[in-house]
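Residues per chain, in single letters:
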Amino acid sequence: MAWLRVVEAMKAPVGTDVTIRGWVRTRRDSKAEGGLSFVHVHDGSCFDPIQVVAKGDLPNYASEVTRITTHCAVEASGTIVQNPKGGNEIAAREVKVLGWVEDPDHYPIQPKPHSFEFLREQAHLRVRTNTFGAVARVRHTLSMAIHRFFHERGFVWVHTPIVTASDCEGAGQMFRVSTLDAVNPPRVKPEGAKEAPAGAPIDFSQDFFGKEAHLTVSGQLNVETYCAALTNVYTFGPTFRAENSNTSRHLAEFWMIEPEIAFATLAEDAQLAEDFIKYLIAAVLSERADDMKFFDERIEKGLLARLKHVLEAPFRRLPYTEAIRILEEAITKGRKFEYPVKWGTDLQSEHERYLTEEHFKQPVILMNYPKQIKAFYMRLNDPGTDGAPGDTVAAMDVLVPGVGEIIGGSQREERLEVLDRRLDEMGLPKKEYWWYRDLRRFGSVPHAGFGLGFERAMMFITGMQNVRDVIPFPRTPKSAEF
RNA sequence: UCCCUGAUAGCUCAAUGGUAGAGCGACCGGCUGUUAACCGGUAGGUUCCAGGUUCGAGUCCUGGUCGGGGAGCCA
């Protein structure tokens, strides 16, 4: 008898002989017809469990079937029949218990609502619940859609390194990677001295890589090198930030997607970002309609309407300078903000939300920011772009209703002399960027890219409120239990 | 890191400084092609940790640990 996944058994013709395997959600008993039990079994292949109907004449009915509790592992064989209220169920000929749940009184997961905070402490078991099963499937579907989007467009997936020995990837505290004795590390000895004096600098030349090494905070600088040969490339991998951030939107370990396109300007970068987001939404809506219906009903009311709106609305291109003007106008009309609006300063999230949720009511791509609030590698615009009162760079942020910033990107500075001036202005050592600068010396072309935080995209698409609940085993300050 | 807030049964929560309780879940029984099932009963406690005040602390005080919300940083 064929073993079918639950999703297949649900669609099998009435009369088919099947075996299913999985974990029990709930069991209900009836004394009618000489005793029968309704056992709901799920195996992760779809949102709904399948109902197994076990009758009292099964040899192990009293001894085992009626003792089944939530999350026992079972194998059930029988015939597909029509449920009186619609849908397939299995009239069981045999129900085997493959794994009991010991001490069900103290089993943490019960057939009842649990708080996400509690389930985070049971990360090894929470994936057996409705919500986290749905999150896992959507996360997989989103990952596949990301690769498919780029693959269909001729992009090459580049595996940028996890360990980096350059300490110049930009802002953000990094995790150190070292094999040195942390308690008693080797220290630099002065010329001719036998012993290093107390408090001397640590001698990283003796470390594994011969220099200080860290976990990556971004693959962008590396991926730019492949962009300058393969034209269209992207990274999709883990990223690490040792910031002491305790919020519902930050992780110490998260996944990031960073496409990089050659022979392209900011306008093409923005178009790519819009096409990308719409592709992802469409893919998840069509491939995981069951899970998305659950998120819409139980996690965020109106989620599907919000996503469909993003799918249909064109993304509004808006120069930063124009955004400031709109915000100042709103203030003169009486709109109150906690933080002031001033050209040259970064927009607060309340400003971003006003623009995308109240003023335009559609996704907004903010472009051309003041150079002083952006990174060194962003391309310097011509003076007077958008009528700006100061220098701007070709940066863009994609803002969406309900979540705010979801993508940050830019056209990169391809002119060596301008890049060098920016490095000098920001006090960054040119020597450390020697290979990045080489790209501007040997066949430099205009290019652009952006970064999308994968878990933030998950929050945007599922409506889940805490980033710790859209990754299997979240790493945050003071927390790496699993 | 800062501000606010919390930690009591497997879970969600109550308990004026004076015998630690309920609902759900688990277990037992009743009823029922059940599906958030329903009805009755039973069991279940290091009140986060370490000190302190008090005749007496779940409750008050001090310190810590961890959780949640917000802010900053950002993706």
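Note: the structure precedes this text.
Let us now look at the overall build of chain A. A count of helices and strands for chain A gives twelve helices and 16 strands. When the backbone C-alpha atoms are referred to their principal axes, chain A occupies close to 85 × 70 × 45 Å. Scored against the burial criterion, the 482 residues of chain A give a buried share of 49%. Contacts in chain A between residues at least 24 apart in sequence constitute 68% of all its contacts with a sequence separation of at least 6.

Before going further, it helps to spend a moment on the environment of Ala 283. On the secondary structure map, Ala 283 appears in helix α5 (residues 266-287). Taking the C-alpha atoms as reference points, Ala 283 and Ser 178, separated by 105 residues in sequence, lie 41 Å from one another.

Our focus in this paragraph is the pattern of salt bridges. Where charged atoms from two side chains of opposite charge approach closely, those side chains can pair. Across all of its chains, the model carries 36 salt bridges by this definition. Among the ionic pairs, Asp 291 bridges to Arg 137, the shortest N-O distance being 2.9 Å. You can see Asp 291 sitting in helix α6 (residues 289-299) and its partner Arg 137 sitting in helix α3 (residues 130-152), a full 154 residues away along the chain. Taking the relative accessible area as the measure of exposure, Asp 291 reaches 0% and is therefore buried. The buried category is assigned to Arg 137, whose relative accessible area is 12%. Between Lys 371 and Glu 425 there is a salt bridge, and its shortest N-O distance comes to 3.3 Å. Taken together, the positions of Lys 371 in the loop between β13 (364-370) and β14 (392-400) and Glu 425 in helix α10 (residues 416-425) put the pair 54 residues apart, joining distant regions of the chain. Lys 371 gets classed as buried once you look at its relative accessible area, which sits at 17%. Overall, Glu 425 belongs to the partly exposed group, its relative accessible area being 46%. When salt bridges that share partners are traced, they join Arg 137, Arg 288, Asp 290 and Asp 291 into one network.

The next thing to look at is the protein's contact with RNA strand B. Lining the immediate surroundings of RNA strand B are 46 residues, of which Ala 32, Asp 105, Gln 110, Thr 247 and Arg 456 lie closest. Considering the 4 Å shell around the protein, atoms of RNA strand B inside it are sugar or phosphate in 48% of instances. At 2.9 Å, a side-chain N or O of Asn 246 approaches a base oxygen of RNA strand B. The contact in question runs from a phosphate oxygen of RNA strand B to an N or O atom on the side chain of Gln 348, over 2.8 Å. Looking at the surface near RNA strand B, the elements that each hand over two or more residues are β1 (17-30), β2 (36-42), β3 (50-55), α2 (116-120) and β11 (253-262).

Read across the sheet, three strands follow the order β7-β9-β8 without closing on themselves; strand pairing throughout is antiparallel. Bordering the open sheet on either side are β7 (163-164) and β8 (176-177), each of which pairs with just one other strand. Across two bridges, the pairing between β8 and strand β9 (residues 213-215) is antiparallel. By the bridge assignment, Val 177 is partnered in β9 with Ala 213.

Here we take up helix α9 (residues 349-359). All buried positions along α9 are accounted for by His 351, Glu 352, Tyr 354, Leu 355 and Thr 356. Those residues of α9 hidden inside the fold are in contact with β12 (316-319), α8 (320-332), β13, β14 and β15 (404-411). Lys 361, located one to two residues past α9, shows a positive phi value of around 55 degrees.

The next point concerns the pairing of strand β10 (residues 232-240). Counting buried positions along β10 yields eight of nine residues, so the element is predominantly enclosed. When strand β6 (residues 156-157) meets β10, the two strands line up parallel, connected through two bridges. Counted as the bridge partner of Trp 157 is Tyr 234 from β10. With nine bridges connecting them, β10 and β11 associate as antiparallel partners. In the sheet register, Gly 237 faces β11, and the bridge partner there is Met 256.

With that settled, the discussion passes to empty space enclosed by the protein. Across all of its chains, the model carries two cavities of 30 Å³ or more by this definition. Considering the residues around the largest cavity, the lining is formed by Glu 224, Cys 227, Ala 228, Ala 262, Leu 439, Arg 440, Gly 443, Ser 444, Val 445 and His 447. Residue assignment for the lining of the largest cavity shows that the elements contributing at least two residues are α4 (220-230) and α11 (434-441). It is α4 that contributes the most residues to the lining of the largest cavity, three residues altogether.

Across a sheet, paired strands are connected by hydrogen bonds in the backbone, their directions being either parallel or antiparallel. The sheet built from five strands closes into a barrel, its strands ordered β1-β2-β3-β5-β4 with mixed pairing. For this sheet the average axis-to-axis angle between neighbouring strands, irrespective of direction, equals 50 degrees. In the sheet, β3 pairs with strand β5 (residues 88-99) via three bridges, with the strands oriented parallel. What sits directly across from Gln 51, in β5, is Glu 89.

Reading the values: the criteria
- Residues numbered from 1 in each chain as written.
- Chains lettered and ligands numbered in written order.
- Predicted model: local features only at pLDDT ≥ 70, side-chain atom pairs only at ≥ 80, totals over all residues.
- Heavy atoms only, no water.
- Helix = DSSP H or I, 4+ residues; strand = E, 2+ residues; numbered from the N terminus.
- Buried < 20%, exposed > 50% of the residue type's maximum accessible area, 1.4 Å probe, protein only.
- Contact = heavy atoms within 4.5 Å.
- Salt bridge = Lys/Arg side-chain N within 4 Å of Asp/Glu carboxyl O.
- Near = heavy atom within 4 Å.
- Polar contact = N/O pair within 3.5 Å; in protein donor to acceptor, adjacent residues only side chain to side chain.
- Pairing = 2+ DSSP bridges.
- 1 Å grid on protein atoms, 1.4 Å probe; cavity = no way out; pocket = protein on both sides within 12 Å on 5 of 7 lines; lining within 4 Å.
- Points joined across faces, edges and corners; volume = space filled by probe spheres on them.
- Axes fitted to C-alpha atoms, helices over the stretch in contact; angles between N-to-C directions.

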